[in-house]
There are 2 protein chains.
Amino acid sequence: MIIARIHVTLKQSVLDPQGTAVTKSLHALGYQEVSDVRIGKFLEVKVDTTDKAQANERITEMCEKLLANTVIETYEFELVEA
Amino acid sequence: MIIARIHVTLKQSVLDPQGTAVTKSLHALGYQEVSDVRIGKFLEVKVDTTDKAQANERITEMCEKLLANTVIETYEFELVEA
């Protein structure tokens, strides 16, 4: 069993209105030291295999096809044996 | 400048319908080896300070008050100097 820990984040050039809203909320709560918030997704995908090289290839495909919108998002992942 | 990399995930005991939907979509795309998907949030919070101990305390407060719903979610974070 392998677990892929995947981070999907907006590209730096893409506006993040959700992050801006959270920044404003944190300021309103008195956390003036916060200068920026970016919000992305974190996915844990459990895969029934022990072949790390194959898992790497398949997870990359899943990210490209479904998990990330590569027009506006980037992804990175690490594989952990469980 | 310190960047807090925060993971907010649903507690194990809480159902994750979004994760279930993604699991089904991956199966439909032919990725039968996927046995489970859990989806959480990933936040990068930039803080204007150099005091790591203080940042640690303040980020914990932000998570408790705003960033995570501690009834159903857990959070963990690491601080990176930028």
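Up top is the structure these notes are about.
Residues numbered from 1 in each chain as written. Chains lettered and ligands numbered in written order. Predicted model: local features only at pLDDT ≥ 70, side-chain atom pairs only at ≥ 80, totals over all residues. Heavy atoms only, no water.

The subject of this paragraph is the relation of the copies chain B and chain A. Laying chain B over chain A is done by rotating through 180 degrees and shifting 0.0 Å along the axis; what remains is an RMSD of 0.0 Å. Viewed as a symmetry operation, the transformation between the two copies matches a two-fold axis. In terms of C-alpha distance to the rotation axis, chain B has K41 of chain B as its closest residue, with the C-alpha 2.3 Å off the axis. A high fraction, 100%, of the interface residues of chain B reappear at the interface in chain A, so the copies pair face to face through one surface. (Least-squares fit on C-alpha atoms with pLDDT ≥ 70 in both. Contact = heavy atoms within 4.5 Å.)

This next bit is on the pairing of strand β2 (residues 34-47) of chain A. Of the strand pairs in this sheet, strand β1 (residues 2-10) of chain A and β2 of chain A are connected by seven bridges, and their pairing is antiparallel. Within the sheet, the bridge partner assigned to I6 of chain A lies in β2 of chain A and is L43 of chain A. Pairing of β2 of chain A with strand β2 (residues 34-47) of chain B, which is carried by 13 bridges, proceeds in the antiparallel orientation. Residue pairing in the sheet places K41 of chain A in a bridge with K41 of chain B of β2 of chain B. (Pairing = 2+ DSSP bridges. Helix = DSSP H or I, 4+ residues; strand = E, 2+ residues; numbered from the N terminus.)

Turning next to helix α1 (residues 17-28) of chain A. Residue and element names in this part refer to chain A. Its 12 residues place the ends of α1 17 Å apart at the C-alpha level, agreeing with the 16 Å of an ideal helix rising 1.5 Å per residue. Buried within α1 are the following residues: G19, V22, T23 and L26. Looking straight down α1, one finds that the buried residues subtend no more than 105 degrees of arc, so they occupy a single side. Pointing more than 90 degrees away from the buried face of α1 are the exposed residues P17, K24 and A28. (Expected span 1.5 Å × (residues − 1). Buried < 20%, exposed > 50% of the residue type's maximum accessible area, 1.4 Å probe, protein only. Arc of directions from axis to C-beta.)

Another aspect to go through is the sheet that holds β1 of chain A. Strands sit in the order β3(A)-β1(A)-β2(A)-β2(B)-β1(B)-β3(B) across an open sheet of six strands; the sheet is antiparallel. Two strands lie at the open edges of the sheet, namely β3 (73-81) of chain A together with β3 (73-81) of chain B, each paired on one side alone. Geometrically, the sheet is characterised by an average inter-axis angle of 20 degrees between neighbouring strands, direction not taken into account. Pairing analysis gives nine bridges linking strand β1 (residues 2-10) of chain B to β3 of chain B, with the strands arranged antiparallel. Within β3 of chain B, the position partnered with I2 of chain B by the bridge is E81 of chain B. (Axes fitted to C-alpha atoms, helices over the stretch in contact; angles between N-to-C directions.)

The next thing to look at is the packing of helix α2 (residues 52-67) of chain A against helix α1 (residues 17-28) of chain B. Close contact between α2 of chain A and α1 of chain B brings their axes to 11 Å; oriented N to C, the two are set at 110 degrees. Classified by the angle their axes make, α2 of chain A and α1 of chain B are roughly perpendicular. Between α2 of chain A, through M62, L66 and L67 of chain A, and α1 of chain B, the contact on the second element is made entirely by V22, S25 and L26 of chain B. Across the contact of α2 of chain A with α1 of chain B, the residue classes break down as five nonpolar, one polar and no charged. (Parallel < 35°, antiparallel > 145°, perpendicular 65-115°, else oblique. Nonpolar A, V, L, I, M, F, W, Y, C, P; charged D, E, K, R; others polar.)

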